[in-house]
Amino acid sequence: MLTHLETQKCIFPDIVKSKTRHLSRRAFLAGWLLLLLVQLLCLEAVPISIDKTKVKEPEKKPEEPPASVDTGLHYDRYLREVIDFLEKDQHFREKLHNTDMEDIKQGKLAKELDFVSHHVRTKLDELKRQEVNRLRTLIKAKQDLEGGNDIAVDHQALLKQFEYLNHMNPHTFEVEDLDRLIRSATKDLENYDKERHEEFKRYEMMKEHDRQEHLKTLDDDERKKEEEHYEEMKKKHADHPKVNHPGSQNQLKEVWEEADGLDPEDFDPKTFFNLHDTNGDGFFDEQELEALFTKELEKIYDPTNEEDDMVEMEEERLRMREHVMNEVDSNKDRLVSLDEFLVATKKKEFLEPDSWETLEQNQAYTDDEMREFEEHLAQQEQDLNQKAFDLQKQRDELERQQEQLNAQKMELQQAVEHMERLKSQKVDPPPEVLEIPAVDRHHPVPEGHDPAPQAPQDIPQEHHGQENQNQAQQGLPQTHDNIPPGNPLPQISVLVTVIPSLHN
């Protein structure tokens, strides 16, 4: 019986034969040498029949391209997708790798878009339409949050704020779009680090402001204990091993030994570069550089320690990366090539660096900046208080108006209920009220005479006309023959006018 190992050795030559057809000449010869060696090992084994149809070669998994690094820009995905598809075009890819960074910034590379394949241009058109729709969706969502649902949105005007694409042509990706994208990304990336520093500075000042505000709420003894604890934490945080200068020989050797597990005496800059160029593109990008500083940062920061702030750790990482970029990136393309890296390893700063000052040795803000920040916070608080006062006034007024509306609603409801009760009881309308002629105070009615007038139906039409005319001359209300019976409104008005005259 053959052992499992021997069986594998006998099967292996057939697999090697099938694969060597696709190798280069040197690989082909090496494969045959390996084949002969395996055959010699199998001479003592008993040959067995093998069904070659059942021998399956291991499936080759397609190599996935390295994941693109997030730039931190709000249009990062659009930027990466455009670059990925442009690099699929051989002509554009060659131009991209052979064009100087300054020429790219000036828009010379964008003109090469006219020479890319139709398939790539079609895909770029689709990407642009998707991005424009995404921006429109964001604009609509922002408007909904601000409560402007009934206001018409001028998307063309609002799209002007997004300078990285031509909003006047939302359907096709043109040379201008690529030029805008390159210029905007270059400018935004240059400002990105500056904005991060400003954000960190505000974070540090707010942290100090909150600490001072907390101290105001304590009595003298508690305040003293809090201050002592604060100083103790500062000293504890500053008590850490020496931090190597970022990008120096000592710092890289430490990574070589502890992260890569290699002998520091065998340190080789080129090998080190290839080991840490994780996406294999021949460059150190900013994220690959920042990864090199993890060991140094672990000397200073521990997430389990009260005295260590992880936000400060990321700021320290940013400072280290910026320092190395300024020292090594000679063409300022925000990438470190192998040649730039090798040149930097021969400089004096690499071999004999100065000591590195960490954040606790460099306060993020000045006293003047802290004072301005406090004044800004005070103004913000005042504005918020005024806004809260105005909103409370509006609320009180709305509540008062609501009470009035509720009272009117109640009165209306009671009137409706009263009418419904009258209707359900079938109450006849009030009898028609006869008009009472005006009484002449200078000619009183003699005793024994009935002052009641005739009923309206017994008075001739001509008499009504004459009477109305006389009443109009005397300032009394006129009769209304055209009002249907049962309508009390004109009779009530007559009574209201006549009765006071009778009292007089």
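Residues numbered from 1 in each chain as written. Predicted model: local features only at pLDDT ≥ 70, side-chain atom pairs only at ≥ 80, totals over all residues. Heavy atoms only, no water.

**Describing unusual backbone geometry**
The phi torsion of most residues other than glycine is negative, and most of the peptide bonds are trans. With phi around 55°, Lys332 is a residue other than glycine that occupies positive phi space. As for its position among the elements, Lys332 is in the loop between helix H14 (310–328) and strand S2 (336–337). On the accessibility criterion, Lys332 (44% relative accessible area) is partly exposed. Of note in the backbone geometry, Arg334 takes a positive phi value of approximately 65° without being a glycine. Along the chain, Arg334 falls in the loop between H14 and S2. In this structure Arg334 comes out as partly exposed when scored by relative accessible area, which is 22%. (Helix = DSSP H or I, 4+ residues; strand = E, 2+ residues; numbered from the N terminus. Buried < 20%, exposed > 50% of the residue type's maximum accessible area, 1.4 Å probe, protein only.)

**A short note on the side chain of His209**
Inspection of the secondary structure assignment puts His209 in helix H8 (residues 175–216). Every residue in contact with His209, bar those within four places of it in the chain, is listed here: Met370, Glu374 and Leu377. (Contact = heavy atoms within 4.5 Å.)

**With respect to the pattern of salt bridges**
For the structure shown, the criterion picks out 30 salt bridges. Note that Glu81 is salt-bridged to Arg77, the shortest N-O span being 3.2 Å. Here Glu81 and its partner Arg77 are both found in helix H3 (residues 76–87), 4 residues apart, which amounts to about one turn of the helix. Taking relative accessible area as the criterion, Glu81 reaches 24% and is therefore assigned partly exposed. Take Arg77: its relative accessible area is 61%, and that puts it in the exposed class. A salt bridge links Glu286 to Arg334; the nearest nitrogen and oxygen atoms lie 2.6 Å apart. (Salt bridge = Lys/Arg side-chain N within 4 Å of Asp/Glu carboxyl O.)

**Considerations on the layout of surface pockets**
By volume, the second largest pocket is sized at about 810 Å³. Those elements that place two or more of their residues in the lining of the second largest pocket are H8 and helix H9 (220–238). For the lining of the second largest pocket, the class distribution of residues is 7 nonpolar, 5 polar and 12 charged. (1 Å grid on protein atoms, 1.4 Å probe; cavity = no way out; pocket = protein on both sides within 12 Å on 5 of 7 lines; lining within 4 Å. Points joined across faces, edges and corners; volume = space filled by probe spheres on them. Nonpolar A, V, L, I, M, F, W, Y, C, P; charged D, E, K, R; others polar.)

**A look at empty space enclosed by the protein**
Counted under the stated rule, the structure contains 2 cavities of 30 Å³ or more. The space that makes up the largest cavity amounts to roughly 110 Å³. Lining the largest cavity we find 14 residues, and of these Gly247, Leu289, Val324, Val328 and Phe341 sit closest to its centre. When contributions to the lining of the largest cavity are tallied by element, the ones reaching two or more residues are helix H10 (249–258), H14 and helix H15 (338–344).

**Quick look at the packing of aromatic side chains**
To describe a pair of aromatic rings, you give the distance between the ring centres and the angle between the ring planes. For the structure shown, the criterion picks out 10 aromatic pairs. Judged by centre distance (5.8 Å) and plane angle (55°), the rings of Phe267 and Phe272 are tilted. Phe272 matches Phe267 in its accessibility class, with the two residues each being buried. For the ring pair Phe273 and Phe341, a centre distance of 5.6 Å and an interplane angle of 45° mean the geometry is tilted. (Phe/Tyr/Trp six-rings, centres within 6.5 Å; stacked < 30°, edge-to-face > 60°.)

**Some thoughts on the nonpolar core**
Core analysis: the biggest nonpolar cluster contains 28 residues, and Val82, Leu86, Leu124, Tyr164 and Leu178 have the highest contact counts within it. Those elements that place two or more of their residues in this core are H3, helix H6 (118–145) and H8. Among the elements that take part in this core, H6 stands out by supplying 6 residues, more than any other. Once residues lying within four places of it in the same chain are set aside, the contact partners of Val82 are Leu124, Leu127, Phe173 and Leu181. (Core = buried A, V, L, I, M, F, W, Y, C linked by side-chain atoms within 4.5 Å.)

**Structural notes on the UniProt feature "domain: EF-hand" (unreviewed entry) in the chain**
Following the UniProt record, the feature "domain: EF-hand" (unreviewed entry) maps to residues 264–299 and 316–351 here. Between the C-alpha atoms that bound residues 264–299 the distance is 19 Å, and the span itself is 56% helix and 6% strand. Secondary structure across residues 316–351 comprises 67% helix and 6% strand; the distance between its end C-alpha atoms is 22 Å. (UniProt positions renumbered as here; feature names shortened; annotations may be inferred.)

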